[in-house]
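Understanding the architecture of this molecule
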Amino acid sequence: MKQRTPVVVNILIIIGLLIVFYYLFVQSYSFLTSPYFWGTVVISAILAYIHSAIGDLIENNKFKKLSAEEKAAYLAEKKIPFLRRMYDAAFKKQSDTEEKDILIDHGFDGIMELDNQLPKWWVGLFYFGTAFCIVYVAAFSFTDFAHPLSEYEKEYKEQLASIAEYEASQPPVTIETAKYSADNIAEGKELFKTNCASCHKEDGSGGIGPNLTDNFWINQPEKTLFKNVFHMDWNGSPTNPSMRAFGKNGEVSGAEIEKIAAYVYHINQEMPPVTQAQGGAAPQGTEAHWEKE
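So, a few notes on the structure that sits alongside this text. Note that the structure is a prediction, hence the values are computed from the model and not measured. Chains are numbered independently. Their residues run from 1 in the order of the written sequence. Whole-chain, interface and lining totals are the exception, using all residues; otherwise, since this is a predicted model, local features are given only for residues with pLDDT of at least 70 and side-chain atom pairs are given and counted only at 80 or more. Excluding hydrogens and water, the side-chain figures rest on all heavy atoms present in the structure.

1. Describing the environment of Ala-281
Topologically, Ala-281 is positioned in the loop between helix 11 (254-269) and strand 4 (286-287). Between the alpha carbons of Ala-281 and Ala-53 there is a distance of 94 Å; along the sequence they are 228 residues apart. Contacts are assigned to residue pairs with any non-hydrogen atoms lying within 4.5 Å of each other. Apart from the residues lying within four places of it in its own chain, the contact partners of Ala-281 are Ser-205, Gly-206, Gly-207, Asn-211, Asp-214 and Gln-276. A run of DSSP states H or I qualifies as a helix once it reaches four residues; a run of E qualifies as a strand once it reaches two. Both are numbered from the N-terminal end.

Here's what the structure looks like:
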């Protein structure tokens, strides 16, 4: 008669499986604070105790039918701790006498085969893997678990929310706090296309508005080029109503103007100017002598 697994071990296994299965469907460990999860644990533990009690009745009934020698062997084996029995079942090598009992009556080329049972831990892992596979496929098919597109959308929204939270917590960018950064050029280019390209062209070479790539400027209220662009975008031009006050009107924020100014600084100071021969607008205003940033 085989020894049974202690009920405490069964309960621990059940709790582990419940944690795995809940996580597959909830996709976070928030269920650990849920009364539904712990209610499931309690019900499962009660069922495990009932199952153990029924097993005890069956075991006692079978024990009565054993011979005195079988009873002694069973009681001696029962005294061995559960973990020790599991270790022996997995790794203990059988004796020569035990090998004879499980020797299969056929062989080839001197090689004999033993009718060994698979270790319990291996069988347990096999059944666990099978059950996990079934639950995983069900979760993948009927929930959002492990769907890369759903996970991407969730993470993307979380990132946008964190960016919005960060921007909301930061003080507004003003002409005093704005600084040139090469990291802002790419975003500044896109903002320039949206807000400025209709007058200055996408490359800043000018059209309706003046050429922003040369060194001639109509308005020079600031001493540095970067600050000058920020000033004009925020306040507009006093000589040309078409160049309106984007910042004061609330059409763009200070942070966005900072990026636009970075792009204009880049095409003016770090790129060669677009000349008239290359399609750029003729110089307007006076030559600027900007201070270094």
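Having seen the model, we can carry on.
2. Side note on the packing of helix 8 (residues 185-195) against helix 11
Here, axes are lines fitted to C-alpha atoms. For helices the fit covers the stretch in contact, and angles between N-to-C directions go from 0 to 180 degrees. Following both chains from N to C, one finds helix 8 and helix 11 inclined at 100°, their axes separated by 7 Å at the closest point. Between helix 8 and helix 11, the angle is such that the two are roughly perpendicular. Two secondary-structure elements touch here, helix 8 through Ile-185, Glu-187, Gly-188, Lys-189, Leu-191, Phe-192 and Asn-195 and helix 11 through Glu-256, Lys-259, Ile-260, Ala-262, Tyr-263, Val-264 and His-266. Under the grouping applied here, Gly and all other residues not named as nonpolar or charged are polar, the nonpolar ones being Ala, Val, Leu, Ile, Met, Phe, Trp, Tyr, Cys and Pro and the charged ones Asp, Glu, Lys and Arg. A class-by-class count of the residues in the contact of helix 8 with helix 11 yields seven nonpolar, three polar and four charged. Note that the term roughly parallel is reserved for angles under 35 degrees, roughly antiparallel for angles over 145, roughly perpendicular for angles of 65 to 115, and oblique for everything else.

3. A look at the nonpolar core
Within this scheme, the nonpolar core is defined by two criteria: the residues are buried Ala, Val, Leu, Ile, Met, Phe, Trp, Tyr or Cys, and they are joined through side-chain atoms within 4.5 Å. Partly exposed describes any residue whose relative accessible area lies between the buried limit of under 20% and the exposed limit of over 50%, with all areas from a 1.4 Å probe on protein chains only and scaled to the type maximum. Counting residues in hydrophobic clusters, the biggest one holds 27 residues, and the most contacted among them are Phe-192, Trp-217 and Val-264. Secondary structure elements with two or more residues in this core: helix 8, helix 10 (225-235) and helix 11. With eight residues, the top contributor of residues to this core is helix 11. When residues no more than four places from it in sequence are discounted, the contact partners of Trp-217 are Leu-212, Leu-225, Asn-228, Val-229, Val-264, Asn-268, Gln-284, Gly-285, Thr-286, Ala-288 and Trp-290. Membership of the second largest hydrophobic core comes to five residues, among which are Leu-24, Val-135, Phe-145 and Ala-146.

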